[in-house]
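# Architecture and fold: a report
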Amino acid sequence: MLFRSSKAVAEAAVRFRERGVVGFDIAGREAGYPPTLHLEAIQFLQRENFHFTIHAGEAFGPASIWEAIQFCGAERLGHGVRIVDDIAAEAGGPARLGRLASFVRDRRIPLEVCPTSNVHTGAVADIAEHPIRLLRDLGFRVTVNTDKDRKSTRLNSSHSEIS
């Protein structure tokens, strides 16, 4: 029933395209709720040439990123910070990208990183260890964002802490 409602929401988003709705976002807990559960809604959006983002790669890691891209055709990733699990970076040496990390970087798939959320969910130990600099230096397309809850909406402080 929940996943049928995602299709209904996708249909409503497309219906209101001319009134300013510009995209659709599949978000929520990653573990146990893969984006393919919303495949009917996603395929509808693709047929309608409607933009969508899938939250993946914060709580569940590279497997959720792979599924969002390969099965669902995500053009943006909400979070995506755990792509670093597919990057071997040694102190003083060059970073080596795995296949998934290379694909995401080379296809220029944006990662909408949410530093405070990443800390609150445990995806990153603290702001000082956030991998946004590494991702940026390796040529990934990254944006700094807030997340949905009040604890994670400190964009100004997050931005200054990771700059």
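Only a predicted model underlies this, so the values are computations on that prediction, with no experimental measurement involved.

## Details of the pattern of salt bridges
Tallied over the full model, the rule gives five salt bridges. When the shortest N-O distance is used, the salt bridge between Glu112 and Arg76 registers 2.6 Å. Linking Glu112 in strand E6 (residues 111-113) with Arg76 in the loop between helix H3 (62-70) and strand E3 (77-79), this pair joins segments that are 36 residues apart in sequence. Note on Glu112: relative accessible area 14%, which makes it buried. Given the relative accessible area of 28%, Arg76 is considered partly exposed. Between Asp85 and Arg82 there is a salt bridge; the shortest N-O distance is 2.7 Å.

## Some words on the packing of H3 against helix H4 (residues 99-106)
Two elements in contact, H3 and H4, have axes whose closest approach is 11 Å; the angle formed by their N-to-C orientations is 45°. In terms of their interaxial angle, H3 and H4 are classed as oblique. Read as a crossing pair, H3 and H4 show a hand that is left-handed. When H3 is examined against H4, the residues Pro62, Ile65, Trp66, Ile69 and Gln70 are found in contact with a partner set consisting of Leu100, Phe103 and Val104. The class makeup of the residues in the contact of H3 with H4 is seven nonpolar, one polar and no charged.

## Looking at the nonpolar core
Of all hydrophobic cores here, the largest spans 33 residues; its most connected members are Leu77, Ile83, Val104 and Phe140. Take this core: its biggest share by element is four residues, from helix H2 (residues 39-47). For Val104, the contacting residues outside a window of four places in its chain are Ile65, Ile69, Ile83, Ile109, Leu111 and Phe140.

## Here we look at the sheet that holds strand E2 (residues 52-56)
Reading across from one edge, E1-E2-E3-E6-E7 is the order of the five strands in this open sheet, with parallel pairing throughout. At either margin of the open sheet sits one strand with a lone partner, and together these are strand E1 (24-26) and strand E7 (142-144). Across this sheet, the average inter-strand angle for adjacent strands is 25°, counted without regard to direction. In this sheet, E6 lies alongside E3 in parallel orientation, the contact comprising two bridges. Note on E6: the bridge partner recorded for Leu77 is Leu111. Lying over the sheet, H2 contacts E1 and E2, oriented at roughly 150° with respect to E2.

## Things to note about the packing of aromatic side chains
Taken as a whole and judged by the stated rule, the model has one aromatic pair. Ring plane angle 80° and centroid distance 5.4 Å describe the contact between Trp66 and Phe71, whose orientation is recorded as edge-to-face. According to the relative accessible area criterion, Trp66 is partly exposed, its value standing at 43%.

## Some thoughts on the pairing of E2
Across the five residues that make up E2, a large majority, five, are buried. Of the two faces of E2, the one lined by Phe52, Ile54 and Ala56 and the one lined by Thr53 and His55 are each fully buried. Of the strand pairs in this sheet, E1 and E2 are connected by three bridges, and their pairing is parallel. Bridge pairing in E2 places Ile26 opposite Ile54. The parallel pair E1 and E2, bridged by H2, forms a crossover whose chirality is right-handed. Two elements, E2 and E3, share three bridges in a ladder whose sense is parallel. Along E3, the bridge assignment pairs Ile54 with Leu77.

Reading the values: the criteria
Residues numbered from 1 in each chain as written. Predicted model: local features only at pLDDT ≥ 70, side-chain atom pairs only at ≥ 80, totals over all residues. Heavy atoms only, no water. Salt bridge = Lys/Arg side-chain N within 4 Å of Asp/Glu carboxyl O. Helix = DSSP H or I, 4+ residues; strand = E, 2+ residues; numbered from the N terminus. Buried < 20%, exposed > 50% of the residue type's maximum accessible area, 1.4 Å probe, protein only. Axes fitted to C-alpha atoms, helices over the stretch in contact; angles between N-to-C directions. Parallel < 35°, antiparallel > 145°, perpendicular 65-115°, else oblique. Left-handed = near helix turned anticlockwise from the far one by under 90°. Contact = heavy atoms within 4.5 Å. Nonpolar A, V, L, I, M, F, W, Y, C, P; charged D, E, K, R; others polar. Core = buried A, V, L, I, M, F, W, Y, C linked by side-chain atoms within 4.5 Å. Pairing = 2+ DSSP bridges. Phe/Tyr/Trp six-rings, centres within 6.5 Å; stacked < 30°, edge-to-face > 60°. Right-handed = clockwise from strand over helix to strand, strands pointing away.

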